[in-house]
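# Close look at the chain arrangement
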Amino acid sequence: DGGGTFTDVFVVADGAVVRGKSDTTAYDLKVGFFNAVSVAAAELGRPLEELLGEAESIVYSTTIGTNALIEHRGPRLGLITTAGFEDTVLIGRGRSWADGLSTEAKYDRGRARRPAPLVPRHQIVGVRERLDMFGKVLMPLRDEDVLEKVQSLVDQGVRGFVVVLLYSYVNPAHEQRVRDLIRAQYPDAYLGHMPVFLSSEVSPQMGEYRRTMTCILDAFLRLETENHLVSLTDELRDVGYRQPFLVAKCTGGASSLSRTRPIHLFGSGPVSGIIGASVIAKANDVPNTLVTDMGGTSFDLGLIVEGRERTYEYDPIIDRWRVQVPLVAHWSIGAGGGSIARVETGILKVGPQSARALPGPACYARGGEEPTVTDADLVLGYIDPAYFLGGRIALDAGRAEAAIREKVAEPLATDLMTAAWSVKQLVDGTMGQEIYRITALTSGLDPREFTIFALGGAGPVHAVGYALSADVPRCATFPFGSVFGAFGTLNLDILQTYEKTHSAIFFSSQTQAYNAEAVAPFNAIVQELLEIARRDMEEEGFELSRLTFQLEVLMRFGQQRHTLPVDAPNLTLTGEGDVRFLVDGFVKAYADAYGQGAVFLEAGVELLGLRLNAVATQAKPPLPRVTGVGGNGAPKGKRRAYWGPAVGVAEAPVYQREQLGPGQELVGPALIESEDTVCVLPPGWRFRLDDHLIGWLDRTGGA
């Protein structure tokens, strides 16, 4: 799992579980990949080439797509659309200026700006053609018009074409003709590889702006993603790896490179963590889980509600654009161990700017001079400077204190310890506020009914802090929590998702009757998606008997804008009874989400789209179970730490997590160290280790 600060590896070998962690090397992500694998190989006492040569599979998630979008680093693209609609992506939606902005930035409307377009206006052309909403040709496409417009884009030096024509999701014939003309007129031998992206293949769904942006983003990310992944697979082959190389996707599954679209890599790391967390949650009968991952750069949050591992966002945003991607819902803010603390006009602020791995926090002594959350944790006594990452990185406490004192304490006219505590409290409050916003305000859920899974290197350090801010009474930490995204990749099944717009009335607002005539068209669309899914999975080498198909029906009350997904019990409908069953399921799901009083069946129920998941189940790594005590369970020492104004600085026992056995309980204050993190247990909280070495933190009062 290649993150913004660290690259993590999780290896299962002969029943043993081994972790590896190394700095993410932004200049060449392959270097960080092999460095992290080398750490794991050394833990196993095996050469890198031997470990990779005997590996049965590698599943990989990467932030390369995220980084490329942030830096607007991609090829020059040309957009071909229907004449008269050239400004669609520039106009956007009514509030597209606010898409992807933080809450603070949305309120600061005077400074808000639309994102710079990935395809500028002069690289957008319109061709004269028109289909109606049923796919019937109203105005034929003229070849000479297409060739003229394409030539104008070639003259501007574009390196790829995005084709988005009206109603192509109903009838793709015109888009396909444009592609045929481009390939015939400009073969690879003439201009080199000039890929053509059709919206009818990338996202065959209604919604002109989102369909166009989905296709543009997929094309924009292709070059950077393709170069990195192909280069990585080549190097893996050189060192002896011969098995399939699988890529984690934001849709909640994995697939080979040939069946992965670049846009599916966006957010694949946090999504992998959610899938891994769902496995552990089910094993421990935890129905509602908040999956929180606090790394060096960001704080990622996902929800598992009533055991449902894949909850897709109904209107997802990637960077600053709304798209049509079955994206497993997760949220991210700039709050991590590397988040920079600063004082602006007398007000303390933390993040979203990050020191990242290089130069890193001031205590790294790599040239960074800005105080960060990690520096504050070091000053507060939570981190042992001689045991950071198991001692692989020696921290400079003096630099941390100097940075906090100069950049925070002195501007606020306070002492060093209070300044560091303020940094911790602010970042904890920011993360807790995000948890409360997503659960209570956005999703209508009660955070008190959830358990926090604290992941990432900084997660266990701050878990209790943001749990208190969000009013969550319980947390869980893991022996491999700092590499949980990598653990999650090994819990992914092979998954391909197929979506298509299909409009139908299931319950009529006029007749107040169920519509049996919707059955035949519904079944025809499902069969079309099934044929594509079976073809793709067969080409991947999977037997059809191994596949599981899951169908989701996207429904809404009449004239509503947003849809709600409902699981279909069968892939096809047999009559009015099945239509009634789906409508009843939608009404129940709607009542659960928005309250029984919001149900308005009299408005009718409409079908707007279908989503088919083709799943090939993969073997999952077993959770480590311990039968005997890991050690004597005694503290390895003591350390003075600051526990807030009510307690102040107090000496707390320090435990080595690997020396604790199942069933052992600790009460705060205490510090529980492992190689890649430390669990901070303040007063008023209890820690208990179970048979799988999962540490459960429960609030006992006080605090």
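Refer to the structure presented above.
This section reports on the structure supplied with the text. (Residues numbered from 1 in each chain as written. Predicted model: local features only at pLDDT ≥ 70, side-chain atom pairs only at ≥ 80, totals over all residues. Heavy atoms only, no water.)

## What about the side chain of Arg179?
With respect to the helices and strands, the residue Arg179 is situated in helix α7 (residues 173-185). Reaching out from Arg179, the side chain makes a polar contact with the side chain of Glu201 at a distance of 2.9 Å. When residues no more than four places from it in sequence are discounted, the contact partners of Arg179 are Val196, Leu198 and Glu201. (Helix = DSSP H or I, 4+ residues; strand = E, 2+ residues; numbered from the N terminus. Polar contact = N/O pair within 3.5 Å; in protein donor to acceptor, adjacent residues only side chain to side chain. Contact = heavy atoms within 4.5 Å.)

## Observations regarding the pairing of strand β29 (residues 677-681)
Taken across its five residues, β29 has five buried, putting it largely inside the fold. Taking every second residue as pointing to the same face, both faces of β29 are buried, with Thr677, Cys679 and Leu681 on one and Val678 and Val680 on the other. Two elements, strand β28 (residues 670-674) and β29, share five bridges in a ladder whose sense is antiparallel. Directly across from Glu673, in β29, lies its bridge partner Val678. (Buried < 20%, exposed > 50% of the residue type's maximum accessible area, 1.4 Å probe, protein only. Pairing = 2+ DSSP bridges.)

## Side note on the sheet that holds strand β4 (residues 78-82)
Pairing in this open sheet of four strands is parallel, and the strands run β5-β4-β8-β9 from one edge to the other. In this open sheet, the two edge strands, each paired with only one partner strand, are β5 (124-127) and β9 (196-198). Taken pair by pair, the neighbouring strands of this sheet meet at an average axis angle of 20 degrees, ignoring direction. Across four bridges, β4 lies against strand β8 (residues 161-164) in parallel orientation. Opposite Ile80, over in β8, you have Val163 as the bridge partner. Across the face of the sheet, helix α6 (residues 143-155) comes into contact with β4, β5 and β8 while running at roughly 175 degrees to β5. (Axes fitted to C-alpha atoms, helices over the stretch in contact; angles between N-to-C directions.)

## Focus: the environment of Thr260
With respect to the element layout, Thr260 can be found in the loop between β11 (254-256) and α11 (268-283). Distance in space between the C-alpha atoms of Thr260 and Lys30 is 19 Å, their sequence separation being 230 residues. Other than its neighbours up to four places away in sequence, Thr260 contacts Val247, Lys249, Ser255 and Leu265. Among the polar contacts listed, one links the side chain of Thr260 to the side chain of Ser255, at a separation of 2.6 Å.

## Describing the pattern of salt bridges
In this structure the tally under the stated criterion is 38 salt bridges. Linking Asp143 and Arg177 is a salt bridge whose minimum nitrogen-to-oxygen distance equals 2.6 Å. Taken together, the residues Asp143 in helix α6 and Arg177 in helix α7 connect sequence positions 34 residues apart. The exposure class of Arg177 is partly exposed, given its relative accessible area of 35%. A salt bridge links Glu208 to Arg211; the shortest N-O distance between them is 2.7 Å. Highlighted residues: Glu208 and Arg211, both in helix α10 (residues 208-238), separated by three residues, approximately one helical turn. We classify Arg211 as buried; its relative accessible area is 0%. Shared partners join several salt bridges into a network, and the residues in it are Arg259, Arg535, Asp536 and Glu539. (Salt bridge = Lys/Arg side-chain N within 4 Å of Asp/Glu carboxyl O.)

## Here we look at the packing of helix α14 (residues 416-442) against helix α15 (residues 459-470)
Contact pair α14 / α15: the axes reach a minimum separation of 7 Å and the direction vectors enclose 55 degrees. If you check the angle between α14 and α15, you find them oblique. Where α14 crosses over α15, the handedness of that crossing is right-handed. Residues Lys424, Val427, Asp428, Gly429, Met431, Gly432, Ile435 and Tyr436 of α14 pack against His462, Gly465, Tyr466, Ser469 and Ala470 of α15. Each residue belonging to the contact of α14 with α15 can be placed in one class, and the counts come to six nonpolar, five polar and two charged. (Parallel < 35°, antiparallel > 145°, perpendicular 65-115°, else oblique. Left-handed = near helix turned anticlockwise from the far one by under 90°. Nonpolar A, V, L, I, M, F, W, Y, C, P; charged D, E, K, R; others polar.)

## Examining empty space enclosed by the protein
Leftover empty space is mapped by rolling, across the atoms, a probe with the size of a water molecule. Within the structure shown, the criterion is met by five cavities of 30 Å³ or more. Put simply, the largest cavity is a space of about 70 Å³. Around the largest cavity sit 13 residues that line it, and Pro270, Gly273, Ile274, Val291 and Asp293 are the ones nearest its centre. Looking at the lining of the largest cavity, the elements that each hand over two or more residues are α11, β12 (289-294), β13 (299-304) and α16 (484-489). It is α11 that provides the largest number of residues to the lining of the largest cavity, a total of four residues. Looking at the second largest cavity, its volume works out to about 50 Å³. Taken together, Leu79, Thr81, Phe85, Glu86, Thr88, Val89, Val164, Glu208 and Thr212 make up the lining of the second largest cavity. Among the secondary structure elements, those contributing two or more residues to the lining of the second largest cavity are β4, α4 (88-91) and α10. Residue composition of the lining of the second largest cavity, by class: four nonpolar, three polar and two charged. (1 Å grid on protein atoms, 1.4 Å probe; cavity = no way out; pocket = protein on both sides within 12 Å on 5 of 7 lines; lining within 4 Å. Points joined across faces, edges and corners; volume = space filled by probe spheres on them.)

## Observations regarding helix α1 (residues 29-44)
When the terminal C-alpha atoms of α1 are compared, their 23 Å separation across 16 residues agrees well with the 22 Å that a helix rising 1.5 Å per residue should span. Of all the positions in α1, only Leu29, Lys30, Gly32, Phe33, Phe34, Ala36, Val37, Ala40 and Ala41 are classed as buried. Buried residues along α1 sit in contact with β1 (6-13), β2 (16-23), α2 (48-54), β3 (58-60), α3 (64-70) and α10. Phi turns positive, to about 70 degrees, at Gly45, one or two residues after α1. (Expected span 1.5 Å × (residues − 1).)

## Examining the packing of aromatic side chains
Tallied over the full model, the rule gives 23 aromatic pairs. Aromatic side chains Tyr590 and Tyr594 sit 4.8 Å apart centroid to centroid with 55 degrees between the ring planes, which places their arrangement in the tilted category. On the criterion of helical spacing, the pair formed by Tyr590 and Tyr594 is a turn pair, its members being four residues apart in helix α18 (residues 576-594). Positioned above the aromatic ring of Tyr387, the side-chain terminus of Lys636 is 4.4 Å from the ring centre. (Phe/Tyr/Trp six-rings, centres within 6.5 Å; stacked < 30°, edge-to-face > 60°. Lys NZ or Arg CZ within 6 Å of the ring centre and 35° of its normal.)

## A word on the sheet that holds strand β19 (residues 451-455)
With mixed pairing, the eight strands of this open sheet are ordered in space as β16-β13-β12-β19-β20-β31-β30-β27. Unpaired on one side and paired on the other, β16 (330-333) and β27 (665-667) mark the two borders of the sheet. Pairs of neighbouring strands in the sheet enclose a mean axial angle of 20 degrees, with direction left out of account. Two elements, strand β30 (residues 685-689) and strand β31 (residues 695-699), share five bridges in a ladder whose sense is antiparallel. Across the sheet, the residue bridging to Arg688 is Trp696, located in β31. Here α15 sits on the sheet in contact with β12, β13, β19, β20 (474-477), β30 and β31, set at roughly 150 degrees to β19.

## Comments concerning the environment of Ala650
Residue placement: Ala650 occurs in strand β26 (residues 649-656). In this structure the C-alpha to C-alpha distance between Ala650 and Arg639, which are eleven residues apart in sequence, comes to 8.3 Å. Look past the residues within four positions of Ala650 in its chain and what remains in contact with it is Arg639, Arg640, Ala641 and Trp643.

## Overview of the pairing of β26
The pairing of strand β25 (residues 637-642) with β26 spans six bridges and is classified as antiparallel. Paired with Ala641 across the two strands is Ala650, which belongs to β26. Linking two consecutive strands that pair antiparallel, namely β25 and β26, is a turn of six residues; a positive phi of about 100 degrees is found at Gly644 within it.

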